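Coordinates in review
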Amino acid sequence: MAKIAFLGAGAMGQAMVPNLLRGGHSVCVYNRSIDKARLLEPAGATVAPTIAEAVNGVDAVFSMVIDDNASRDVWTGPGGVLDSAAPGTLAVESSTVSNKWLRELGGHAAAKGLRFLDCPVAGRPDAAAAATLVVYVGGKPEDVEAVRPMLEPMSRRIIHFGPVGTGNAFKLIYNVLGAVQVAALAESMNACEAAGIDLNAAADAFSDGNTGSPHVKRHSRSMATGEHDNPIGFTPHGRLKDTLYGCQYQEQIGGQAKLGYAAAALFQQMIDIGWGERNDSEAIDGLREETRRRNARQ
Ligand SMILES: NC(=O)c1ccc[n+]([C@@H]2O[C@H](COP(=O)([O-])OP(=O)(O)OC[C@H]3O[C@@H](n4cnc5c(N)ncnc54)[C@H](OP(=O)(O)O)[C@@H]3O)[C@@H](O)[C@H]2O)c1
């Protein structure tokens, strides 16, 4: 069983660490604000006040923080992992970060002799708690095999796409498709409302039809009833970050991202009206609010 340093005790870290512990691994948690790390002590984790202490003597370091800036801070910032981890340590970036930064980080980590992998995950905190995440992996085959026993207790499926950067690439493209589905559903449910169609009936019919993806099944119900995930599953801020990383990546590699940018605009609109920390399924309320404000101006 492995000794693991886990950096980031946010919504995902809180749900992932107990499964690593249940899998028999020992886990030392570091979080920028230490109080959140301490919430994992009852599950059996130890807590380190610094990254250097967390990574001392471990087999693997996992990072699960919010974005590029946070990832930079924990890996390459002063006192970060690259200053303190021993060569040969498995270095796993599970956060959803831009592909540009991920590849740069992979280069820095390799130069320090670390065995770097990108292992972003699909699934909300409830899926993480239920150990049903899907992990998208990029890395050398021998490093993937070394990290597999640590990924297995947290996930229902592990997909190795290829070398470093490919797990992140797939995750970013996947996120754009997910964001487009949520935004398009909000627009469709809003249109049903304007057409006088009962929203519960609409949610049933969308879910039962060819449109019935897991996003549509889950979010159409919330949009119809007004009962959204509690605690919040994923915020407009998170959606916007993921969608823009994905759109920028798709353009960078010569693809298009018109629908992705349209979805991003809806999440930006929610942030602009002060709803950035609500649940993403409240996108329908964002559209209702926009209509209300437009009508008030006329
Ligand atoms: N939530 C989801 O449904 C979901 C699903 C799949 C993937 N993800 C991805 O998983 C990652 C974590 O998401 P989450 O939902 O756990 O986010 P979260 O609850 O907002 O937690 C964010 C974490 O990042 C840390 N952080 C932020 N800025 C930092 C900085 N500058 N330096 C060091 N640490 C910093 C926070 O530390 P503090 O506590 O000190 O602020 C916290 O530990 C993200 O990349 C997200 O896109 C999320």
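Everything below is about the structure shown above.
Notes on the structure in this doc start here. (Residues numbered from 1 in each chain as written. Predicted model: local features only at pLDDT ≥ 70, side-chain atom pairs only at ≥ 80, totals over all residues. Heavy atoms only, no water.)

Looking at the overall build of the protein
Test applied: Helix and strand labels come from DSSP, where a helix needs a run of H or I of at least four residues and a strand needs a run of E of at least two; each type is numbered from the N terminus. This radius of gyration counts C-alpha atoms alone. The globule rule is 2.2 Å times how many residues there are, raised to the power 0.38. Relative accessibility decides the category of a residue: with a 1.4 Å probe and only protein chains considered, values under 20% of the type maximum give buried, values over 50% give exposed, and everything between is partly exposed.
Of regular secondary structure, the protein possesses 14 helices and 9 strands. The globule rule puts the C-alpha radius of gyration for 298 residues at 19 Å, and the 20 Å found for the protein is close to it. Judged by the C-alpha coordinates and their principal axes, the protein covers about 65 × 45 × 35 Å. Within the protein, buried positions represent 52% of all 298 residues.

Digging into the site of the ligand
Note the threshold: One heavy atom within 4 Å of a molecule or strand makes the whole residue count as near it. For the purposes of these results, a polar contact is taken to be a pair of N or O atoms within 3.5 Å, where, inside protein, one atom must be able to donate a hydrogen and its partner to accept one; residues adjacent in sequence count only when each atom of the pair is a side-chain atom. Each accessible area value is a Shrake-Rupley result obtained with a 1.4 Å probe; residue values ignore everything except the protein chains displayed when judging cover.
In the vicinity of the ligand lie 26 residues, with A11, N31, S33, K36 and K241 positioned nearest. The contact in question runs from an oxygen atom of the ligand to an N or O atom on the backbone of A9, over 3.4 Å. Summarising the interface, the protein chains cover 85% of the accessible area of the ligand, which totals 900 Å² for the free molecule. Elements supplying a minimum of two residues to the shell around the ligand: α1 (11–22), α4 (68–76) and α12 (236–252).

Describing helix α10 (residues 199–208)
Put simply, the rule is: The arc in question is formed by the directions pointing from the helix axis toward the C-beta atoms. Should any heavy atoms of two residues lie within 4.5 Å, those residues are counted as being in contact.
What α10 keeps buried is the set L199, A202, A203 and S207. With its buried residues spanning 125 degrees around the axis, α10 presents them on a single face. The inward-facing, buried residues of α10 abut α9 (166–194), α11 (214–225) and α14 (283–297). Its side-chain oxygen 3.1 Å from the backbone nitrogen of N200, D198 forms the N-cap of α10.

As for unusual backbone geometry
Cis rather than trans, the peptide bond between N230 and P231 has omega equal to 5 degrees. Examined against the element boundaries, P231 turns out to sit in the loop between α11 and α12. Phi at A131 takes a positive value of approximately 60 degrees, unusual for a residue other than glycine. The topology assignment puts A131 in the loop between α7 (125–129) and β8 (133–138).

Looking at the side chain of N190
Turning to its location among the elements, N190 is positioned in helix α9. Those residues within four positions of N190 in sequence are excluded, and the remaining contacts are I284, L287 and R288.

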